[in-house]
Amino acid sequence: MIGRRSDDGTETTGEPRIVPTREGYDLWSQVYDDEDNPLITLETALVERLLGDVRGLTIADLGCGTGRHALAMARAGGSVVALDFSAGMLAKARAKPGGTAVRFVRHDLTNGLPFASRSVDRVTCCLVLEHVVDLDGALAEMSRICRAGGFVLVSDLHPTMRLLGRQAQFTDPATGRKIRPAAARHQLSDYVVAATRAGLSIDHMSEHVVDEALAARSPRARKYLCWPLLLLLRLRP
Ligand SMILES: C[S@@+](CC[C@H](N)C(=O)[O-])C[C@H]1O[C@@H](n2cnc3c(N)ncnc32)[C@H](O)[C@@H]1O
């Protein structure tokens, strides 16, 4: 098959292959932290700002991946339990400096959350819900474990990207083929309705568009100039 140049500059072949989400992330874990990912470039500082000071707080990081936010929150003085169902992603997270300061647990979020009700101050779920079909169930669990006075912070690929046919994907370096971990198809209203049904109130909701500054920092973003890339929600019980 003749290769073509992908937007991350790598040679790709054929149509993207959709694989079960966990399998996809196990494969992706090998290169996840090495890629130019505009969503992460855009999201990191925004999430940190919305989170604020986490010193002394108990935090559940759901779908922690390679530990990007979990490790930062532990460094900032939070007591962090981080869940993910991908052994590959968790292995990368655990091996990072500061990895022993976080309790990493292999767990599928769709099987409920292994925390007592009203037991954590912050729940973070970053770039994960794109892969979770049952938003109502996921947000109900987040609401259940979050203490009064705390909040739930959600970031996700903006639903508009899904309408454009985009989703989380990477190029498998072994085969040159694009791999897509299976994803759901949520509308903006689905997040709002699920939060409301879970008894959470929205105290922050923002949609972040690709601008020149992001395209300059992250070349892959350029083709989405002026399109919304990121959704952020801060929800309170
Ligand atoms: C795009 S990565 C984001 C990782 C991390 N939160 C971050 O922002 O850097 C999505 C992560 O969600 C995890 N994930 C997706 N569905 C999950 C589920 N049902 N249970 C646990 N983890 C899940 C994947 O394994 C992957 O590590």
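From a predicted model like this one, the values you see are computed outputs, not experimental measurements.

Engineer: It is not clear to me how the site of the ligand should be interpreted in this structure. Could you clarify?
Structural biologist: What surrounds the ligand is a group of 18 residues, the closest being G63, R68, D84, L109 and C126. Measuring from a nitrogen atom of the ligand, one finds a backbone N or O atom of G63 at 2.6 Å. Between the ligand and D84, the relevant distance is 2.6 Å, taken from an oxygen atom to a side-chain nitrogen or oxygen of the residue. The fraction of the free accessible surface of the ligand (590 Å²) that becomes covered by protein chains is 98%. Here the ligand is seated within the largest pocket. Within the shell around the ligand, the residues separate by chemical class into nine nonpolar, six polar and three charged.

Engineer: So what exactly am I meant to see when it comes to the sheet that holds strand β4 (residues 58-62) here?
Structural biologist: Either a parallel or an antiparallel arrangement is found when strands of a sheet pair, and the pairing is made through backbone hydrogen bonds. Read from one edge to the other, the open sheet built from seven strands follows the order β6-β5-β4-β7-β8-β12-β11, with strand pairing classed as mixed. What marks the edges here is a single partner per strand, and that holds for β6 (103-106) and β11 (201-209). Neighbour to neighbour, the strand axes of the sheet diverge by 15° on average, direction disregarded. Inspection of the sheet shows strand β7 (residues 120-126) paired to strand β8 (residues 146-157) by six bridges, in the parallel sense. The residue of β8 that forms the bridge with C125 is V154.

Calculation notes
- Residues numbered from 1 in each chain as written.
- Predicted model: local features only at pLDDT ≥ 70, side-chain atom pairs only at ≥ 80, totals over all residues.
- Heavy atoms only, no water.
- Near = heavy atom within 4 Å.
- Polar contact = N/O pair within 3.5 Å; in protein donor to acceptor, adjacent residues only side chain to side chain.
- Areas by Shrake-Rupley, 256 points an atom, 1.4 Å probe, with all protein chains shown as cover.
- 1 Å grid on protein atoms, 1.4 Å probe; cavity = no way out; pocket = protein on both sides within 12 Å on 5 of 7 lines; lining within 4 Å.
- Sits in = over half its atoms within 2 Å of the grid points.
- Nonpolar A, V, L, I, M, F, W, Y, C, P; charged D, E, K, R; others polar.
- Pairing = 2+ DSSP bridges.
- Helix = DSSP H or I, 4+ residues; strand = E, 2+ residues; numbered from the N terminus.
- Axes fitted to C-alpha atoms, helices over the stretch in contact; angles between N-to-C directions.

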